[in-house]
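Commentary on secondary and tertiary structure
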Amino acid sequence: MLNAKSIALSIGKKQILHGVKLQAAPGQFTTIIGPNGCGKTTLLRALTGDLPYQGSVMLNERDLQQIPVTEQAALRGVLAQSTPLAFPFTVIEVVRMGLMAGTAAASPSLRKTLPFDALRRVDLTGYENRFYQELSGGEQQRVQLARVLCQMWQGTQDGAPRWLFLDEPVSSLDIAHQRDVMKIARDFADQGGGVIAVMHDLNLTAAWADHIVLMRAGEVVASGTVQQVYTSENLSRAYGCHIDMSRPPQQGLPFLHPASVGICQ
Amino acid sequence: MSMLTDASEAVASPIPPVRDRSHSARQMILILTGLLVVTSYFSLTTGAAGTSLMDALSALIHGEEISLRDKVVLWDIRLPRLAMGILVGASLAVCGALMQGLFRNPLADPGLVGVNAGAGLAAVSAIVLVGHLPMAIREATGYFLVPLAAFLGGWGTTLLLYRVATRRGQTSVATMLLAGIALGALSGAVGGILIYQANDDQLRDLTFWGMGSLAGATWLKVLVTAPVILLAISVAPFLGRGLNGLSLGEAAARHIGINVQRVKRLSILSVAAATGAAVAATGGIGFIGIVVPHLLRLAIGPDHRYLLPNAALLGAILLLISDMISRVIIAPAELPIGIVTAVLGSPVFLWILLRRRGVLDM
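Residues numbered from 1 in each chain as written. Chains lettered and ligands numbered in written order. Predicted model: local features only at pLDDT ≥ 70, side-chain atom pairs only at ≥ 80, totals over all residues.

A few words on the overall build of chain A. Counting its regular elements, chain A contains nine helices and 12 strands. For 265 residues, the compact-globule formula gives about 18 Å, and the C-alpha radius of gyration of chain A, at 19 Å, lands near that figure. By principal-axis analysis of the C-alpha atoms, chain A measures approximately 55 × 40 × 35 Å. Intrachain contacts of chain A at a sequence separation of at least 6 include 66% that bridge at least 24 residues. (Helix = DSSP H or I, 4+ residues; strand = E, 2+ residues; numbered from the N terminus. Rg over C-alpha atoms; globule rule 2.2 N^0.38 Å. Contact = placed C-beta atoms within 7 Å.)

So, in structure tokens, the structure goes:
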């Protein structure tokens, strides 16, 4: 279980988060949505221990701040929005960095094959010897996801759930790879792991997520299932413009047609 | 079963052929070790004293008696000079690689960002102002005063630089380079004041600090310098993995289990100690720290686990070669070695800049 209570966080003099409460269960795909600058990424960075926060974050019933860095690495993987590299590493060298932690339980033969399995999973087989710095933004993002998958190669370890934190994992991907990445997150949750992703695409979120946290100006304004959160009222209030929900007959999911978005206030 | 393996792919797929640069990196260690031995031999037999030393050396190896003159030249001049060259060359190159890994930038170098200048200024201050120091300090430090001052100067400059360039855990490369220029200029200005204060003997020492030289290496200097440099360099192998992780950025390094703070502290401490000791022993010698790691990255890739030991070897080799050039090019006089490394290194540095033009505009 991930249990964050009264998370407050300031950057400089500006307070970004105002007492945020968030619960995420293993086995579930949780997404954080909201307008630009509402504090989604900041919240994620607090949950991964990157930014000092006030309040408490309990990860698997342990205080995050009390868990040593190496243990945290065995417990959760993090994918940032983008990861520029300083030196000319090849793709396979980057993916193997995921083996530094979290795979202590993996056998030597598994450690050998994991990077290749991870690359196949993100559809980058054949890219092993390419230089990371020469790839497109979307390809780099998938290489980093493969690195994270190397680290979090299974959803649980010794019965305890492991966690994936993804910051806008599909923002630079084409539609086919968006679907791949959502499926990876879904599979991880189905294996007993927990996924927390910051998302911008509301339709993708509706199609894949179990639990949705809607934020506005550093506060959570709604959370629950897609049916509970995706109301015209909730979304219009959070994004500051009129939003109409429609329901295409196929799956009965709420669907947001981009053309239906009104002029922002 | 791992989520990475689908049931449909139960039969393990063969691992595709992958260029393994770690293999050639390990071979490179052997090649460079061999090259260092060869270079050391030529370093011992090159110089104003003539080629008779080749015979002397072979006589020595065969256990025969050699003349007192040859003995003095070999044992008291060439050997300590060789030892100092290896120590300082290795130190400069490893410190360059450490600093580049730490700042995540292939252009970072203790010489470029003013650490050498800080260490040199402290050493120069110690030389010129020694008469003004309390007797107790002079007696307590003795011969170690200048190296100690250089060490503290290098350390202080590194810490100051890091503080100035780091904000909220993010180190700005542009700020670091500009702060380095500012610190270098400040060192130059203070150095100028000291030159006015200096007497003739001190002036000669000051020139030596400015351009660097392996001449004047004695066994005593080697014995004082070696422990500091060897200790600092011996930390490097433990930093390889951490610096690799750090090339993903500080947050991502932490996410994969790297104790970032520890890697940073150990790197800074090593760079400050080794640069301070090297500058104290031989003055400011530039460009080895940039050129060596860059050439090695082209040859064996950026993996710091192999880059650091190879840098130590190639740094030693390049400094010995530069030293030989400095000894023979205007023989029987000697050119300061810093001039040779600058002439050899600055074109390479420009070449790196040109290759990275797009990346630097950030």
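What follows deals with the sheet that holds strand 1 (residues 2-11) of chain A. All names here are of chain A. Strand order in the open sheet made by the four strands is 2-1-4-5, with antiparallel pairing throughout. Looking at which strands have only one partner, the edges of the open sheet turn out to be strand 2 (14-24) and strand 5 (62-63). Note: strand 1 against strand 4 (residues 54-59), five bridges, orientation antiparallel. The residue of strand 4 that forms the bridge with Leu2 is Leu59. (Pairing = 2+ DSSP bridges.)

Further remarks concern the interface of chain B and chain A. In this complex, chain B contributes 28 residues to the contact, which on the side of chain A involves 36 residues. Elements with a minimum of two residues in the side of chain B that touches chain A: helix 10 (240-246) and helix 11 (250-255) of chain B. Element by element, the count of residues in the side of chain B that touches chain A is highest for helix 11 of chain B, at four residues.

Let us now look at the sheet that holds strand 6 (residues 76-79) of chain A. Residues and elements named next belong to chain A. Pairing within the open sheet is mixed, and its six strands lie in the order 6-9-10-3-11-12. Where the open sheet ends on each side, the last strands, each with one partner, are strand 6 and strand 12 (219-224). Direction aside, the axes of adjacent strands within the sheet are offset by 15° on average. Relative to strand 10 (residues 194-198), strand 9 (residues 163-167) is paired through five bridges, and the arrangement is parallel. From the neighbouring strand, Trp163 faces strand 10, where its bridge partner is Gly194. Where helix 1 (residues 40-47) meets the sheet, it contacts strand 3 (29-33), strand 9, strand 10 and strand 11 (211-216), and its direction lies at approximately 145° from that of strand 10. (Axes fitted to C-alpha atoms, helices over the stretch in contact; angles between N-to-C directions.)

Moving on, we get to the packing of helix 3 (residues 68-103) of chain B against helix 14 (residues 304-328) of chain B. For any two helices packed against each other, one specifies the inter-axial angle together with the distance between the axes. Residue and element names in this part refer to chain B. Running from N to C, helix 3 and helix 14 cross one another at 140°; their axes reach a closest spacing of 7 Å. Relative to helix 14, helix 3 is oriented oblique. Of the two elements, helix 3 crosses helix 14, and the hand of that crossing is right-handed. Here helix 3 contributes Gly85, Ile86, Val88, Gly89, Ala90, Leu92, Ala93, Val94, Ala97 and Gly101 to the contact with helix 14, which in turn contributes His304, Leu307, Leu308, Ala311, Ala312, Leu314, Gly315, Ala316, Leu318, Leu319, Leu320 and Asp323. (Parallel < 35°, antiparallel > 145°, perpendicular 65-115°, else oblique. Left-handed = near helix turned anticlockwise from the far one by under 90°.)

Here we take up the pairing of strand 2 of chain A. Residues and elements named next belong to chain A. Judged from the seven bridges that link them, strand 1 and strand 2 form a sheet pairing that is antiparallel. When the sheet's bridge partners are listed, Leu9 is paired in strand 2 with Leu17. The hairpin formed by strand 1 and strand 2 contains two residues between the paired strands, and Gly12 there has a positive phi angle of roughly 65°.

With that settled, consider the confidence of the model for chain B. Residues and elements named next belong to chain B. Residues at a pLDDT of 70 or more form 87% of chain B, whose mean pLDDT is 81. Predicted confidence is poor over residues 7-11, with pLDDT under 50, and the contacts of this stretch with residues over four places away or in other chains come to zero contacts. Here the prediction assigns the complex a pTM of 0.86, and the interface score ipTM is 0.90. (pLDDT = per-residue confidence, 0-100.)

Counting 181 residues, the largest nonpolar core has Ala185(A), Val94(B), Ala123(B) and Ala274(B) as its most contacted members. With 15 residues, the top contributor of residues to this core is helix 3 of chain B. (Core = buried A, V, L, I, M, F, W, Y, C linked by C-beta atoms within 7 Å. Buried ≥ 20, exposed ≤ 12 C-beta atoms within 10 Å, placed from the backbone.)

This paragraph deals with helix 14 of chain B. Look at helix 14 of chain B: 35 Å from first C-alpha to last across 25 residues, which is about the 36 Å you get at 1.5 Å a residue. Of all 25 residues that make up helix 14 of chain B, 20 are buried, and the element is covered over most of its length. (Expected span 1.5 Å × (residues − 1).)

Let us now look at the environment of Thr282(B). Residues and elements named next belong to chain B. By the secondary structure assignment, Thr282 is in helix 12 (residues 260-282). Along the backbone, Thr282 and Lys221 are 61 residues apart, and their C-alpha atoms lie at a distance of 9.6 Å. Not counting residues within four places of it along the chain, the set of residues in contact with Thr282 comprises Met84, Val88, Gly212, Ser213 and Leu214.

On to the environment of Asn259(B). Within the element layout of this structure, Asn259(B) appears in the loop between helix 11 and helix 12. Along the sequence, Asn259(B) and Val222(B) sit 37 residues apart, while their C-alpha atoms lie 34 Å from each other.

Moving on: the pairing of strand 4 of chain A. Residue and element names in this part refer to chain A. The pairing of strand 4 with strand 5 spans two bridges and is antiparallel. Bridged to Leu59 within strand 5 is Arg62. Hairpin connection of strand 4 to strand 5: two residues between the antiparallel strands, including Asn60 at a positive phi of 50°.

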